[in-house]
Amino acid sequence: MENALEKWTDPLWERVLPGQQDQPEVVAELRQTCDDNTIIVDRQRVLAPNTYTLELPPDSHRRLATYKAQVQRQLGAQVCRHAAEQGYTFPGPVSVHIHAAPDDSVDQFRLYSGVDPS
């Protein structure tokens, strides 16, 4: 299933972010952000952020609009898979939100993470 999703999303990322970032680089950044923002609760529990916001340049965001929900779900699944491999837990459901940057200051993308216990 993962291979099928990659075959579908790789061309999509090339259209959305031509010559800039591709999906594997976005996923790598999500994993790194997850790792960098973990909190060790005790010996048995490492807490990872469960909300991620990906800001894209406005043009890229417009090109992605039709597929936004599917891409958000796929990126969320990638975060969950990584966390399971690392033994992390989440304070609530994992979500990835894709937004247009408020201005043209974003060349490729920006990524933020946070904790939402709901």
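Let me sum up the structure you'll find in this document. Everything numeric here is computed off the predicted structure, so don't read it as measured data.

Considering the nonpolar core
Item 1. Grouped together as the largest cluster of nonpolar side chains are 18 residues, with contacts concentrated most on Val26, Leu30, Tyr52, Leu54, Leu56, Leu75 and Ile98.
Item 2. Taken together, the elements giving at least two residues each to this core come down to helix H2 (23-36), strand S3 (51-56), helix H4 (68-86) and strand S5 (95-100).
Item 3. Each residue touching Tyr52, except ones within four places of it in the same chain, is listed here: Leu30, Thr33, Cys34, Val79, Ser95, Val96, His97, Leu111, Tyr112 and Ser113.

Examining the state of the cysteines
Item 1. Evaluation of the coordinates by the stated rule reveals 0 disulfides.
Item 2. In this structure Cys80 is a free cysteine whose sulfur lies 9.0 Å from that of Cys34, the closest cysteine sulfur available.
Item 3. Classification of Cys80 as partly exposed rests on a relative accessible area of 35%.

Structural notes on the sheet that holds strand S1 (residues 39-42)
Item 1. Taken in spatial order, the 3 strands line up as S1-S2-S4 in an open sheet, and their pairing is mixed. The open sheet terminates on both sides in strands that have one partner only, identified here as S1 and strand S4 (88-89).
Item 2. Sheet analysis places strand S2 (residues 45-47) next to S4, joined by 2 bridges and oriented parallel. Directly across from Val46, in S4, lies its bridge partner Tyr88.

Reading the values: the criteria
Residues numbered from 1 in each chain as written. Predicted model: local features only at pLDDT ≥ 70, side-chain atom pairs only at ≥ 80, totals over all residues. Heavy atoms only, no water. Core = buried A, V, L, I, M, F, W, Y, C linked by side-chain atoms within 4.5 Å. Buried < 20%, exposed > 50% of the residue type's maximum accessible area, 1.4 Å probe, protein only. Helix = DSSP H or I, 4+ residues; strand = E, 2+ residues; numbered from the N terminus. Contact = heavy atoms within 4.5 Å. Disulfide = S-S within 2.5 Å. Pairing = 2+ DSSP bridges.

All we've got here are geometric facts, nothing functional implied.
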